[in-house]
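Examination of the molecular architecture
Below are the chains, spelled out letter by letter.
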Amino acid sequence: MGKIAFVFDGKGTQYPGMGKEFFDDYYVIKQQLTYLEQYRVGILRTMFFSTNKDLENSIDLYPGLFLADLASYLALKKHGIKPDVVAGFGVGEMMAISASGILSFDEAFQLACRKSNILFEVDNYKKMYQNKGVRLEQKRAKELKRELNDGLDYVLRKPLIPIYSVKTGEKYPEDLKSIIEILSDKIFEPDNWKETIIQMYEEGVDVFVECGPGDTLSHSINKILKNVTTYQVHDRLSLEKTIKGLKKTK
């Protein structure tokens, strides 16, 4: 077996109740998600008890996906399963950033909330003023870049394990200025997903573990590459299957 990659889910994989089984089963996950809720009061109720339509249209969608991705990651970690490299699709890249060590869980979650607020604001602005929405997005991106440079709310660090950017299709650089450029650019837009997956494979990854509510990324990866193994971790059953599968391939 080569390297193991954790890939984190983004928009389109959500469903009501995502992450709840892990929340109920693992005290460490309940503790972590409950702690992070201070930055987004009511987020757990939105994740666990909203209708699918309400969840999809909620400003809490992206923060909720981050927490669901985090729950899957922590469940795997509890069983001693760790990634060699990470990547994320859309908001999943915020969780990948945290898993790589660039930001703490707290900081990455706050950044996901910040970007979600910007996206929600820009989308509403575009509905009212059409073309002017692009200017607002550019303005907010500049503000976010200043915040990242200030180092007050977010303290960036060099990645402890390789993380791949779906903006560039390559590994994140180690210098902080370049990392800030990536983080402050487009809001949750996975530009080069296919190129990223191919690059990861060429650099030794042959097992992809999808962390989060869905299986969309696994299906996508299996279409891009034929000689890899994919797993999904979103509930008790899928976690057990992944653990057994990884033990067999060792």
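With that out of the way, let us pick up the overall build of the protein chain. For the protein chain, the helix and strand inventory stands at 12 helices and five strands. Seen through its principal axes, the protein chain has C-alpha atoms that stretch 55 × 40 × 35 Å. Buried residues in the protein chain amount to 52% of all 250 residues. Within the protein chain, residue pairs in contact and separated by at least 24 positions form 71% of the contacts whose partners lie at least 6 positions apart. When the accessible surface of the protein chain is split by element, carbon and sulfur atoms take 49% of a total near 12100 Å².

Under the definition given, this model contains 11 salt bridges. For Lys145, the salt bridge is made with Glu181, and the minimal N-O distance between the two is 2.4 Å. On the criterion of sequence distance, the pair formed by Lys145 in helix H8 (residues 132-150) and Glu181 in helix H9 (residues 176-183) is long-range, its members being 36 residues apart. The class for Lys145 is partly exposed, based on a relative accessible area of 30%. Beyond isolated ion pairs, a larger network of salt bridges with shared partners links Arg114, Glu121, Arg140, Glu143 and Glu147.

Inspection of the entire model under this criterion finds zero disulfides. With no disulfide partner, Cys113 has as its closest neighbouring cysteine sulfur the one in Cys211, 20 Å distant. A relative accessible area of 0% means that Cys211 is categorised as buried.

This next bit is on the packing of helix H5 (residues 61-78) against helix H6 (residues 92-100). Packing of H5 against H6 leaves a shortest axis separation of 9 Å and a crossing angle of 40°. In terms of orientation, H5 and H6 fall into the oblique class. Note on packing geometry: the crossing formed by H5 with H6 is right-handed. Between H5 and H6, the residues in contact are Phe66, Asp69, Leu70 and Tyr73 and Gly92, Met94, Met95 and Ala99, respectively.

This next bit is on the packing of helix H2 (residues 27-36) against H5. Contact pair H2 / H5: the axes reach a minimum separation of 10 Å and the direction vectors enclose 150°. Comparing the axis directions of H2 and H5 gives the class roughly antiparallel. The two elements H2 and H5 meet at a crossing, and its hand is right-handed. In this structure, H2 contributes Val28, Ile29, Gln32, Leu33 and Leu36 to the contact, and H5 contributes Leu67, Leu70, Ala71, Leu74, Ala75 and Lys78.

Moving on to the environment of Glu137. As for its position among the elements, Glu137 is in helix H8. Residue classification places Glu137 among the buried residues on the basis of a relative accessible area of 19%. Spatially, the C-alpha atom of Glu137 lies 22 Å from that of Gly64, the residues being 73 residues apart in sequence.

Tracing the sequence through the fold places Glu107 in helix H7 (residues 105-129). A polar atom in the side chain of Glu107 sits 2.9 Å from the backbone nitrogen of Ser104.

The nonpolar side chains of a soluble globular protein tend to be buried, and buried together. With 62 residues, the main nonpolar core has Phe6, Leu67 and Leu70 as its most contacted residues. When residues in this core are grouped by element, the largest group, 12 residues, is from H5. Filtering out sequence-adjacent residues up to four positions away, Phe6 remains in contact with Tyr73, Leu76, Ile81, Lys82, Pro83, Val85, Val86, Ala87, Val209 and Cys211. Residues Val85, Val166, Ile221 and Val228 belong to the second largest nonpolar core, which totals 15 residues.

Conventions and cut-offs
- Residues numbered from 1 in each chain as written.
- Predicted model: local features only at pLDDT ≥ 70, side-chain atom pairs only at ≥ 80, totals over all residues.
- Heavy atoms only, no water.
- Helix = DSSP H or I, 4+ residues; strand = E, 2+ residues; numbered from the N terminus.
- Buried < 20%, exposed > 50% of the residue type's maximum accessible area, 1.4 Å probe, protein only.
- Contact = heavy atoms within 4.5 Å.
- Areas by Shrake-Rupley, 256 points an atom, 1.4 Å probe, with all protein chains shown as cover.
- Salt bridge = Lys/Arg side-chain N within 4 Å of Asp/Glu carboxyl O.
- Disulfide = S-S within 2.5 Å.
- Axes fitted to C-alpha atoms, helices over the stretch in contact; angles between N-to-C directions.
- Parallel < 35°, antiparallel > 145°, perpendicular 65-115°, else oblique.
- Left-handed = near helix turned anticlockwise from the far one by under 90°.
- Polar contact = N/O pair within 3.5 Å; in protein donor to acceptor, adjacent residues only side chain to side chain.
- Core = buried A, V, L, I, M, F, W, Y, C linked by side-chain atoms within 4.5 Å.

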